[in-house]
Amino acid sequence: MKPALVEGGAGERPRWRGLPGGRRLVIGMPYLWLLLFFLLPFLIVLRISFAEMDGATISNLVSFADQDLVFRLKLGNYATIFQDDIYWSAYGRSLMYAGVTTVFCLLIGYPFAYFMARASAAVQPLLLMAVMLPFWTSFLLRVYAWKGLLDAQTGWVGRLLIHLHADHLLLALGLIPSAGEFMYSPFSLVLGMVYTYLPFMLLPLYATLAKLDLNLLEAAQDLGATPWQAFWRVTVPISRSGIIAGSMLVFIPCVGEYVIPELLGGPETLMIGRVLWDEFFSNNDWPLASGVAVIMVLLIIVPLAIFNNSQAKVARA
Amino acid sequence: MNATKTGSAFLRIESVSKSFGDFKAVDQVSLDVARGEIFALLGSSGCGKSTLLRMLAGFERPSGGRIVLDGVDLAGLPPYERPVNMMFQSYALFPHLSVWDNVAFGLRRDKLPKAEIASRVDDMLRMVQLTPYARRKPHQLSGGQQQRVALARSLAKRPQLLLLDEPLGALDRKLREDTQIELVNIIQQVGVTCVMVTHDQEEAMTMASRIAVMSQGRFLQVGSPADIYESPATRFVADFIGNVNLMEGRVVVDEADHAEIECEDVVHRVDHGITGYQGQEVAVAVRPEKIHLSAEPPEGERNRVRGLVRAMSYFGGYTLYHLELPSGATLKVNVENDTRQREGAPVQGDLVWAHWLPTSQVVLKS
């Protein structure tokens, strides 16, 4: 250690200030990036949401006329959003579809990740590679391919579903518009989202499950837990951080998903991403669109912040 | 301990084997353990001791043989239905549960009433003196405390058989010595029958009432610590337990009350007969602490040899000498450091006489 550092380290300063310059730079860069490209734009969006369209431009919040300095916050956009059903139902549907997608990803991903983590050391890298392989082709292409796969006449998935009479079940559940027609429905939408986001669930789950000490499962069985009880009492609680991380990685982007509902969703699956698009680019009402965006961010961030906070409390206890 | 010889053995292992493919991890092992006994399986890694322990716990299924505990054949029982609990080498404490919940884990699986669980967990924590730590998580405890939680957890269900897998292996030396005695006290206080696995002979000797020395899946010798140390049955056991000088030789005199064995550097005289071994090849084992050094030649022609002090290792309580014998072989001798200045003790380069009593050697036929 350099003597200069020792001399300087005597005072009671905030901890990060004691870090060497290089480390401060490495930690600071991502924060600077987020500040410039997330926080600042978000503040701009927030500012626009309190303005109104002034012809083709957005009105200023602060104006000076007749020796009056006027600061006007226009709340009309929010009033519109709160009064019009279309926004709330779109929010609700977005949260609902994101939630359903997360649950399915978890149900499919957990056993998958579990057995992947238990596979022999030689096979594990191959399985991991296979999980990441889809990223090598265009996301758009992969989602669009479902159109062909789900076709009742030419797609093998569609034909298989009809062969298994699964279409009648889906119809009874109200997930497809009619028997033998899978596209543009809640079914095809959730299928596409689960398909796309599954790797994001798998990877954090795999990371926690691969670290699991198998002695713990033996200890649980030794103490009288059946394998099933050992799974619920030991494996699941210990992999909690992976479950939480995976669920967030799936849920958050799903809420604002635009491309998949656009390609695979139908008229009754209108999600908030589409509403945003329409407000920005069809109606050209940027202030209203910004309001929609701000509420969407709050809808995700506030519950997550509360959740994170309670998690941290549990961890500290 | 006589009970083990009769049919009333509490734990009976009958010619148990375990093969992994072609490899025989445990090979036709039989053993009786009495109720309340602390039994140690001692051997180096890969000798099959852990596999045998895991078969007792139910994690491995024997390829052959029977394991009977208190008259009940354990063969078909999965680990969670055996009245057997194990303390793992790594302790395997559940990291997401508090100390209290770790100890209660097994009791909850038995669906005991809440009040019963609480009183038993509290009793266990009091016994291992961890009551103030009940709410802590395992990672907030020291190694010694974690070890006591693991012990409390494995005793909470009042198992009929307690298995210890290298119980003190993860502790540092000083703590290990204190913990050995504490552990034995607790086990005896509870009165549970105990089988432990260890590669540490000191641990086995201080804790167990009987020891089985294992190698390549077989028991080489089963006996009390003193039996195994003072009367090893084979060269391997003599060499494995403690320090020993092994000398190969031939039986030249074999009378009823004494025998003589001619080795390269020395003629041994032992004060017992070795019936039927006249002229045969045997090995003579002498422990370093049973050999004495003197500058003057001792009386008699037997049990003495002259050697050159080649090296000395100071261990505090004693000093280990390496003597070079005329043939070039090395003789290890312990000299007790009964004075601080070690006045008159031989130093490097001295020619000294080593000698021992005719009751000190063990003659090994295999």
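Residues numbered from 1 in each chain as written. Chains lettered and ligands numbered in written order. Predicted model: local features only at pLDDT ≥ 70, side-chain atom pairs only at ≥ 80, totals over all residues.

Peer 1: So what exactly am I meant to see when it comes to the overall build of chain B here?
Peer 2: Within chain B one finds 8 helices and 20 strands. Taken along its principal axes, the extent of the C-alpha atoms in chain B is 75 × 50 × 35 Å. Scored against the burial criterion, the 366 residues of chain B give a buried share of 39%. Relative to all contacts within chain B whose residues are 6 or more apart in sequence, the contacts with residues 24 or more apart total 64%. (Helix = DSSP H or I, 4+ residues; strand = E, 2+ residues; numbered from the N terminus. Buried ≥ 20, exposed ≤ 12 C-beta atoms within 10 Å, placed from the backbone. Contact = placed C-beta atoms within 7 Å.)

Peer 1: Looking at this structure, how should I read the interface of chain B and chain A?
Peer 2: It is common to report an interface's size as the accessible area lost on association of the parts. Contact with chain B, which involves 17 residues of that partner, is made by 15 residues of chain A. Elements represented by at least two residues in the side of chain B that touches chain A include exactly strand 6 (84-87) and helix 2 (99-109) of chain B. Considering each element in turn, the side of chain B that touches chain A owes the most residues, 3 residues, to helix 2 of chain B. Grouping the amino acids of the side of chain B that touches chain A by side-chain chemistry returns 10 nonpolar, 4 polar and 3 charged. (Nonpolar A, V, L, I, M, F, W, Y, C, P; charged D, E, K, R; others polar.)

Peer 1: Where do I start with the pairing of strand 2 (residues 23-33) of chain B in this structure?
Peer 2: Every regular strand shows the same layout, with side chains that alternate between the two sheet faces. Sheet analysis places strand 1 (residues 11-20) of chain B next to strand 2 of chain B, joined by 7 bridges and oriented antiparallel. Bridge pairing in strand 2 of chain B links S19(B) to K24(B). (Pairing = 2+ DSSP bridges.)

Peer 1: Got a minute to help me understand the domain arrangement of chain A in this structure?
Peer 2: When the domains of chain A are assigned, the result is domain 1 (13-71) and domain 2 (84-270). Computed over C-alpha atoms, the centres of domain 1 of chain A and domain 2 of chain A are 36 Å apart. (Domains from an automatic or database assignment.)

Peer 1: So what exactly am I meant to see when it comes to the packing of helix 4 (residues 85-118) of chain A against helix 9 (residues 186-211) of chain A here?
Peer 2: Residue and element names in this part refer to chain A. Their axes nearest at 7 Å, the elements helix 4 and helix 9 cross at an angle of 45°. Considering their axes alone, helix 4 and helix 9 lie oblique with respect to each other. Relative to helix 9, the crossing made by helix 4 is right-handed. Taken together, the residues of the contact of helix 4 with helix 9 break down into 24 nonpolar, 2 polar and no charged. (Axes fitted to C-alpha atoms, helices over the stretch in contact; angles between N-to-C directions. Parallel < 35°, antiparallel > 145°, perpendicular 65-115°, else oblique. Left-handed = near helix turned anticlockwise from the far one by under 90°.)

Peer 1: Honestly, the sheet that holds strand 1 of chain B in this entry has me stumped. Any pointers?
Peer 2: Two orientations exist for strands paired in a sheet by backbone hydrogen bonds: parallel and antiparallel. Residue and element names in this part refer to chain B. Spatial strand order, 2-1-4-5: 4 strands in an open sheet with antiparallel pairing. Of all the strands in the sheet, just strand 2 and strand 5 (72-73) have a single pairing partner and so form its edges. Helix 1 (residues 49-57) rests against strand 1, strand 2 and strand 4 (64-69) of the sheet, and its axis sits at about 65° to strand 2.

Peer 1: Just checking my understanding: could you explain the domain arrangement of chain B for this structure?
Peer 2: Residue and element names in this part refer to chain B. Assigned domains within chain B: domain 1 (2-236) and domain 2 (243-364). Computed from C-alpha coordinates alone, the two centres of domain 1 and domain 2 are separated by 39 Å. Facing 4 residues of domain 1, the contacting portion of domain 2 comprises 5 residues.

Peer 1: When you look at the environment of G273(B) in this model, what are you seeing that I'm missing?
Peer 2: Residues and elements named next belong to chain B. With respect to the element layout, G273 can be found in the loop between strand 13 (267-270) and strand 14 (281-286). By C-beta crowding, G273 is classed as partly exposed, having 15 other C-beta atoms within 10 Å. Distance in space between the C-alpha atoms of G273 and D257 is 5.4 Å, their sequence separation being 16 residues. Those residues in contact with G273 that sit more than four places away from it in its chain are D254, E255, A256, D257 and A259.

Peer 1: In this structure, what is going on with the sheet that holds strand 11 (residues 245-254) of chain B? I would like to understand it.
Peer 2: Residues and elements named next belong to chain B. With respect to topology, 5 strands assemble into an open sheet ordered 13-12-11-14-20, the strand pairing being antiparallel. Looking at the sheet topology across the chains shown, the edges are occupied by strand 13 and strand 20 (362-364). Ignoring strand direction, the axes of neighbouring strands in this sheet form an average angle of 40°. Judged from the 3 bridges that link them, strand 14 and strand 20 form a sheet pairing that is antiparallel.

Peer 1: Looking at this model, I keep getting lost on the nonpolar core. Mind explaining?
Peer 2: Here is a general trend for soluble globular proteins: nonpolar side chains tend to be buried in one another's company. L56(B), V103(B), A152(B), L163(B) and V195(B) are the most contacted members of the largest nonpolar core, which has 104 residues in total. Once residues lying within four places of it in the same chain are set aside, the contact partners of V195(B) are V33(B), F39(B), L41(B), L53(B), L56(B), L161(B) and L163(B). Counting 48 residues, the second-largest nonpolar core is a separate cluster that includes A51(A), L288(A), V292(A) and M296(A). (Core = buried A, V, L, I, M, F, W, Y, C linked by C-beta atoms within 7 Å.)

Peer 1: Hey, could you run me through helix 10 (residues 214-222) of chain A in this one?
Peer 2: Note: α-helices contain 3.6 residues per turn, so residues at a spacing of three or four share the same orientation. All buried positions along helix 10 of chain A are accounted for by L216(A), A219(A), A220(A), Q221(A) and D222(A). Lining the buried residues of helix 10 of chain A we find helix 11 (227-238) of chain A together with helix 1 and strand 6 of chain B. Immediately downstream of helix 10 of chain A, the backbone of G224(A) shows phi near 105°, a positive value.

Peer 1: Mind showing me how you'd approach the confidence of the model for chain B here?
Peer 2: All names here are of chain B. For chain B, per-residue confidence averages 91 on the pLDDT scale, and residues scoring 70 or more make up 98% of the total. In this model, residues 1-6 is a region of pLDDT below 50 whose contacts with residues beyond four sequence positions or in other chains number 8 contacts. Per the prediction output, this complex has pTM 0.82; the corresponding ipTM is 0.84. (pLDDT = per-residue confidence, 0-100.)

Peer 1: Got a minute to help me understand helix 14 (residues 272-282) of chain A in this structure?
Peer 2: Residues and elements named next belong to chain A. If you check which residues of helix 14 are buried, you get I272, G273, V275 and E279. Buried residues of helix 14, seen end-on, are gathered within an arc of 165° and therefore sit on one face of the element. Across from the buried face of helix 14, at angles greater than 90 degrees, the exposed residues are F281 and S282. In the stretch just after helix 14, N284 is the one whose phi turns positive, near 55°. (Arc of directions from axis to C-beta.)

Peer 1: Help me understand the environment of E60(B) in this model?
Peer 2: All names here are of chain B. Its location among the elements puts E60 in the loop between helix 1 and strand 4. Here the alpha-carbon distance between E60 and K18, two residues 42 residues apart in the chain, equals 8.4 Å. Sequence-distant contacts of E60, that is, excluding residues within four places in its chain, are made with K18, T51, R54 and M55.

Peer 1: How should the pairing of strand 1 of chain B be read in this particular structure?
Peer 2: All names here are of chain B. Relative to strand 4, strand 1 runs antiparallel, the two being bridged by 5 bridges. Bridge assignment links E14 to a residue of strand 4, and that residue is R66. Where strand 1 folds back on strand 2, the antiparallel hairpin that results is connected by 2 residues, among which G21 adopts a positive phi of roughly 65°.

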